[in-house]
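Understanding the architecture of this molecule
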Amino acid sequence: MIIDVNASVGHYPFRQLPHGAPEKLAAHLAHHGIDRALVSSLHAVFYRDAHRGNEELWAAVRAQGSRLIPVATVNPTYVGWERDLDEAVERWGMRVITLVPEHHGYALNDAHGRAALERIARLGLPVLLRQRFEDRRQRHAWDRAEDLTVTALLEAARAHPTLKFLLVNWAGLDGARLAAAGLKGRCLIDFARLQVVFRSEVPKLIEALGVEAIAFGSHAPFDYVGPSLVK
């Protein structure tokens, strides 16, 4: 069984995405032999009220059976985000929470970010952090979100020592630094942007963190699935 930990559904404001609809994404992944996928809502990133994107996602994935696993997006700068998080977890059964601080206008180490990470940790759920959606060199002029930095990730890991991290679409990760920040045994890293051969990023991470720290990620529908299948 192949489980993809890095997929999204919905419309993206800055370019057209093939297979962005939930039913199209599910069919596309199945065509490539991928059995299940964690999916987050792009609408939850760009709606003023992120929770409306979660609501859409929950309704959409139910129609796909167990193939798509919904990930809740939380915006801790929005009034009532704690209530929204509770609904996503308790009513809709979402078991992974994602934060997009660069899009929602806060930092992982400010009051908003700390509050969100602390609450997710208390729930005993992993937080999904995506370094970026697109290469900054080709982004739209209105896309002002920067990449999440490794420094911000390491600070969050040290500040929240019980929290588990799902790291998707990252590059530039150093296994020794992650281990020093206490992430060995409590992080899962997809290889959508990591190199297996040229810079041997994946083998180096396995050496430092163990093979159990590496997961399959396609970054569909932004990227082609084929390269991840080759990896």
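In this report, the structure presented in the accompanying data block is examined. These figures come from a predicted structure and were not determined experimentally.

The next point concerns the layout of surface pockets. One number sums up the size of the largest pocket: a volume of about 270 Å³. At the level of elements, α1 (22–31) and α3 (50–62) are the ones that each hand at least two residues to the lining of the largest pocket. The biggest single contributor to the lining of the largest pocket is α3, with 4 residues. In this structure, the second largest pocket encloses a volume near 200 Å³. In this structure, the second largest pocket is lined by 13 residues; those nearest its centre are Arg-132, Glu-134, Asp-135, Arg-193 and Asp-223. For the lining of the second largest pocket, the class distribution of residues is 3 nonpolar, 3 polar and 7 charged.

With that settled, consider the packing of helix α4 (residues 81–91) against helix α6 (residues 111–123). One can describe the packing of α4 onto α6 by two numbers: an axis separation of 12 Å at closest approach and a directional angle of 30°. The orientation of α4 relative to α6 falls into the category roughly parallel. Between α4 and α6 lies a crossing whose hand is right-handed. Along its contact with α4, which presents Trp-81, Glu-82, Leu-85, Asp-86 and Val-89, the element α6 presents Ala-115, Ala-116, Arg-119 and Leu-123. A breakdown of the residues in the contact of α4 with α6 according to their chemical character gives 6 nonpolar, no polar and 3 charged.

Reading the values: the criteria
- Residues numbered from 1 in each chain as written.
- Predicted model: local features only at pLDDT ≥ 70, side-chain atom pairs only at ≥ 80, totals over all residues.
- Heavy atoms only, no water.
- 1 Å grid on protein atoms, 1.4 Å probe; cavity = no way out; pocket = protein on both sides within 12 Å on 5 of 7 lines; lining within 4 Å.
- Points joined across faces, edges and corners; volume = space filled by probe spheres on them.
- Helix = DSSP H or I, 4+ residues; strand = E, 2+ residues; numbered from the N terminus.
- Nonpolar A, V, L, I, M, F, W, Y, C, P; charged D, E, K, R; others polar.
- Axes fitted to C-alpha atoms, helices over the stretch in contact; angles between N-to-C directions.
- Parallel < 35°, antiparallel > 145°, perpendicular 65-115°, else oblique.
- Left-handed = near helix turned anticlockwise from the far one by under 90°.
- Contact = heavy atoms within 4.5 Å.

Just geometry here; none of it tells us what the structure is for.
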